[in-house]
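If you want the building blocks of each chain, they are given just below.
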Amino acid sequence: MAVKDRDRFSTTTRLRLLGEQTAARVYRSQTRRQARRSRLTGRAALLALVLCSLIVALAYPIRQYVSQRAEIADMKRRQQQASERVEQLRDLKARWQDDAYAEQQIRQRLHYVMPGETGYVVIDPDAVKQSRAPLGAAHRPWYSNVWDGVDKSDASDQ
């Protein structure tokens, strides 16, 4: 027993025991620190801040770019429509330069006939009934008709 007691108080034994205790404390503190340590480091937080700043700084110019591209596309579409309309009008102008086309349009629209021809106009009886004005209005003074028109227009607004 005396050897064991002497061995227990020897310098090497005490140093070994002290080293084991220190290693155990270090291991415990490292595991606690790792458990407590957040995954977000300072560098990651700074990187996230820089990325958010870039997104905020570039959001408005990108929105403007997209809206301007849409406006340019709309303008190109309008230009294409306008050029098609100009082409149609040039074609129509060229047709009107032809005497045969002008004559055809005059006959069709104005109901002209050539000398020696007989022109006929067919009138739809239903359309005539709808377009006739009441005969009673012709026998009244003109100012009565005007006031009746004003009263009718006023009644239609209500």
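Basis of the calculations
- Residues numbered from 1 in each chain as written.
- Predicted model: local features only at pLDDT ≥ 70, side-chain atom pairs only at ≥ 80, totals over all residues.
- Heavy atoms only, no water.
- Helix = DSSP H or I, 4+ residues; strand = E, 2+ residues; numbered from the N terminus.
- Areas by Shrake-Rupley, 256 points an atom, 1.4 Å probe, with all protein chains shown as cover.
- Expected span 1.5 Å × (residues − 1).
- Bend = angle between axes of the 7 residues up to and from the residue.
- Salt bridge = Lys/Arg side-chain N within 4 Å of Asp/Glu carboxyl O.
- Buried < 20%, exposed > 50% of the residue type's maximum accessible area, 1.4 Å probe, protein only.
- Patch = residues over 30% accessible without salt bridge, like charges linked within 9 Å, V, L, I, M, F, W, Y side chains within 5 Å.
- Axes fitted to C-alpha atoms, helices over the stretch in contact; angles between N-to-C directions.
- Parallel < 35°, antiparallel > 145°, perpendicular 65-115°, else oblique.
- Contact = heavy atoms within 4.5 Å.
- Nonpolar A, V, L, I, M, F, W, Y, C, P; charged D, E, K, R; others polar.
- Phe/Tyr/Trp six-rings, centres within 6.5 Å; stacked < 30°, edge-to-face > 60°.

Quick look at the overall build of the protein chain now. Scanning the protein chain from terminus to terminus reveals six helices and zero strands. Along the protein chain, helices and strands appear, N-terminal first, in the series α-α-α-α-α-α. Of the accessible surface of the protein chain, which amounts to about 15400 Å², a share of 58% is contributed by carbon and sulfur atoms.

The subject of this paragraph is helix 3 (residues 42-97). Compared with the 82 Å implied by 1.5 Å per residue over 56 residues, the 82 Å span of helix 3 between its first and last C-alpha is a close match. Considering bend angle alone, the principal kink of helix 3 is centred on Ala 59 and spans about 35°; proline Pro 61 follows within four residues of it.

Per the stated rule, a full pass over the model turns up six salt bridges. For the salt bridge of Asp 74 with Arg 78, the shortest nitrogen-to-oxygen distance reads 3.3 Å. Of this pair, Asp 74 and Arg 78 both sit in helix 3, separated by four residues, roughly a single helical turn. Asp 74 sits in the partly exposed class, given a relative accessible area of 25%. Exposure remark for Arg 78: the relative accessible area of 47% places this residue in the partly exposed category. The partner of Asp 91 in a salt bridge is Arg 95, and the shortest N-O contact between them spans 3.7 Å. Of this pair, Asp 91 and Arg 95 both sit in helix 3, four residues apart, which is roughly one turn of that helix. It is possible to trace a salt-bridge network through shared partners that takes in Asp 74, Arg 77 and Arg 78.

So, about a nonpolar patch on the surface. Nonpolar side chains collect at one region of the surface, where Leu 46, Leu 47, Leu 49, Val 50, Leu 51, Leu 54, Leu 58, Ile 62, Tyr 65 and Val 66 lie side by side and expose about 990 Å² of accessible area between them. Accessibility expressed as a relative area gives 52% for Tyr 65, which makes it exposed.

For the pair helix 3 and helix 4 (residues 99-110), interaxial distance at closest approach is 5 Å and the crossing angle is 90°. Considered as vectors, helix 3 and helix 4 are oriented roughly perpendicular to each other. Residues Leu 92, Arg 95, Trp 96 and Gln 97 of helix 3 form the contact with helix 4, whose participating residues are Asp 99, Tyr 101, Ala 102, Gln 105 and Arg 109. Residue composition of the contact of helix 3 with helix 4, grouped by class: four nonpolar, two polar and three charged.

Here we come to the packing of aromatic side chains. Tallied over the entire structure, the rule returns two aromatic pairs. Taken together, a centroid distance of 5.4 Å and an interplanar angle of 85° make the contact between Trp 96 and Tyr 101 edge-to-face. Among the residues examined, Trp 96 registers a relative accessible area of 36% and is labelled partly exposed. For the pair Trp 142 and Tyr 143, a centre-to-centre distance of 5.9 Å together with 80° between the ring planes defines the contact as edge-to-face. The exposed category is assigned to Trp 142, whose relative accessible area is 64%.

As a further point, take the side chain of Gln 105. With respect to the helices and strands, the residue Gln 105 is situated in helix 4. Assessed through its relative accessible area of 8%, Gln 105 is described here as buried. Setting aside anything within four residues of it in sequence, one finds Gln 105 in contact with Trp 96 and Leu 110.

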